[in-house]
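Commentary on secondary and tertiary structure
Here are the chains, one letter per residue:
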Amino acid sequence: MSTPLEKALATIVLTFHKYSGKEGDKFKLNKAELKELLTKELPVFNSKRMDAAEFQKIMTNLDHNQDHEVDFQEFCCFLSCVSMGFEEFFRGCPKPPLPQK
């Protein structure tokens, strides 16, 4: 039986590959694939109507090796930063109950 953390890790991998396989290198997200992933899977990024310049800044910051694509390692670094931001934001809030096993 999978734990919630194992399920979350599987979801991260499956979500990345859901979008990375659409065009070009199936192990990397191009600009269009990344934008689609962010708008559909992390709607908080779309809530303020990300303009082209802002999206380009995100793409540039994520693309550490400057190949104009985001690989899984770069994507995981991004998710780590987003997770840390969420943790900081919710730090003082009451803890929700954990799912039952």
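Structure report, in brief.

Cut-off values and rules
- Position labels on residues start from 1 in each chain and follow its written sequence.
- Only residues with pLDDT of at least 70 are given local features in this predicted model, and only at 80 or more are side-chain atom pairs given and counted; all residues enter the totals for whole chains, interfaces and linings.
- Only hydrogens and water are set aside when side-chain values are computed; all heavy atoms of the structure are taken into account.
- Nonpolar core, defined: a set of buried Ala, Val, Leu, Ile, Met, Phe, Trp, Tyr and Cys residues in which side-chain atoms within 4.5 Å join the residues together.
- Exposure classes here rest on a 1.4 Å probe applied to the protein chains alone. A residue is buried below 20% of its type maximum, exposed above 50%, and partly exposed in between.
- Per the convention used, a helix needs a DSSP run of H or I reaching at least four residues, while a strand needs a run of E reaching at least two, with both numbered from the N terminus.
- Residue contacts are counted whenever heavy atoms from the two residues lie within 4.5 Å of one another.
- Surface patches are drawn from residues lacking salt bridges whose relative accessible area is over 30%; two like charges belong together within 9 Å, two nonpolar side chains (Val, Leu, Ile, Met, Phe, Trp, Tyr) within 5 Å.
- Here the Shrake-Rupley method, with its probe set to 1.4 Å, supplies the accessible areas, and only the displayed protein chains count as covering residues.
- The term salt bridge refers to a side-chain nitrogen of Lys or Arg lying within 4 Å of a carboxyl oxygen of Asp or Glu.

Side note on the nonpolar core
In terms of nonpolar packing, the biggest core is built from 18 residues, with Leu 29, Leu 34, Leu 38, Phe 45, Val 70, Phe 75 and Phe 78 touching the most fellow members. Elements represented by at least two residues in this core include exactly α1 (4-20), α2 (31-41), α3 (52-62) and α4 (72-89). Val 70 has contacts with Phe 16, Lys 28, Leu 29, Leu 34, Met 59, Leu 62 and Phe 75, leaving out every residue within four places of it along the chain.

As for a nonpolar patch on the surface
On the surface, Val 44, Phe 86, Phe 89 and Phe 90 cluster together into a nonpolar patch covering about 450 Å² of accessible area. For Val 44, the location among the structural elements is in the loop between α2 and α3.

A closer look at unusual backbone geometry
Non-glycine residue Gln 66 carries a positive phi angle of around 55°. Mapped onto the fold, Gln 66 is located in the loop between α3 and β2 (70-71). Relative accessible area serves as the criterion here: at 64%, Gln 66 is assigned to the exposed category. The backbone of His 68 shows a phi angle near 70°, a positive value even though the residue is not glycine. Within the secondary structure layout, His 68 lies in the loop between α3 and β2.

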